[in-house]
Amino acid sequence: QVQLVESGGGGVQAGGSLRLTCRGSGRTFSSNTLGWFRQAPGKEREFIAAFTYSGGTSYAASVEGRFTISRNNAQNTVYLEMHYLKPEDTAVYSCAARRGGSSRQVRDYDYWGQGTQVTVSS
């Protein structure tokens, strides 16, 4: 079992930056694929970034070059650095973990945090 808790959300003006943190618990945390997703009002949850134990990363086209995912296995933590934020980045951001390899599919993830709200004003 893996428990995930996000923090770091808030309000920011367009062009600003935020860093989201996801703290995990459970001894299998370091062997899981970790990802970040977001869900805007009235929209489906979408993939943002994923980080695998082997060190690979992948990003959605909408955030590549602006967002960076990183992790600290010793602290059971995964981060999402967000820069040059846009109003369309407004959403609830959630981290997720899965036992298998990297995936961009919501349905492939086994564990989810409760999410943290990010609001970008123009």
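Basis of the calculations
Residues numbered from 1 in each chain as written. Predicted model: local features only at pLDDT ≥ 70, side-chain atom pairs only at ≥ 80, totals over all residues. Heavy atoms only, no water. Pairing = 2+ DSSP bridges. Helix = DSSP H or I, 4+ residues; strand = E, 2+ residues; numbered from the N terminus. Axes fitted to C-alpha atoms, helices over the stretch in contact; angles between N-to-C directions. Salt bridge = Lys/Arg side-chain N within 4 Å of Asp/Glu carboxyl O. Buried < 20%, exposed > 50% of the residue type's maximum accessible area, 1.4 Å probe, protein only.

Read across the open sheet, the four strands follow the order β1-β3-β8-β7; overall the sheet is antiparallel. Taken across any chain shown, the strands that pair with only one partner, and hence form the sheet edges, are β1 (3–7) and β7 (67–72). Across this sheet, the average inter-strand angle for adjacent strands is 15 degrees, counted without regard to direction. In this sheet, strand β3 (residues 18–25) lies alongside β1 in antiparallel orientation, the contact comprising five bridges.

For the rest of this paragraph, the subject is the pattern of salt bridges. Applying the stated criterion across every chain, the model contains four salt bridges. Here D89 makes a salt bridge to R38, at a shortest N to O gap of 2.9 Å. On the criterion of sequence distance, the pair formed by D89 in the loop between β8 (77–82) and β9 (91–98) and R38 in strand β4 (residues 33–39) is long-range, its members being 51 residues apart. Overall, R38 belongs to the buried group, its relative accessible area being 6%. By sharing partners, the salt bridges in this structure join R38, E46, R66 and D89 into a single network.

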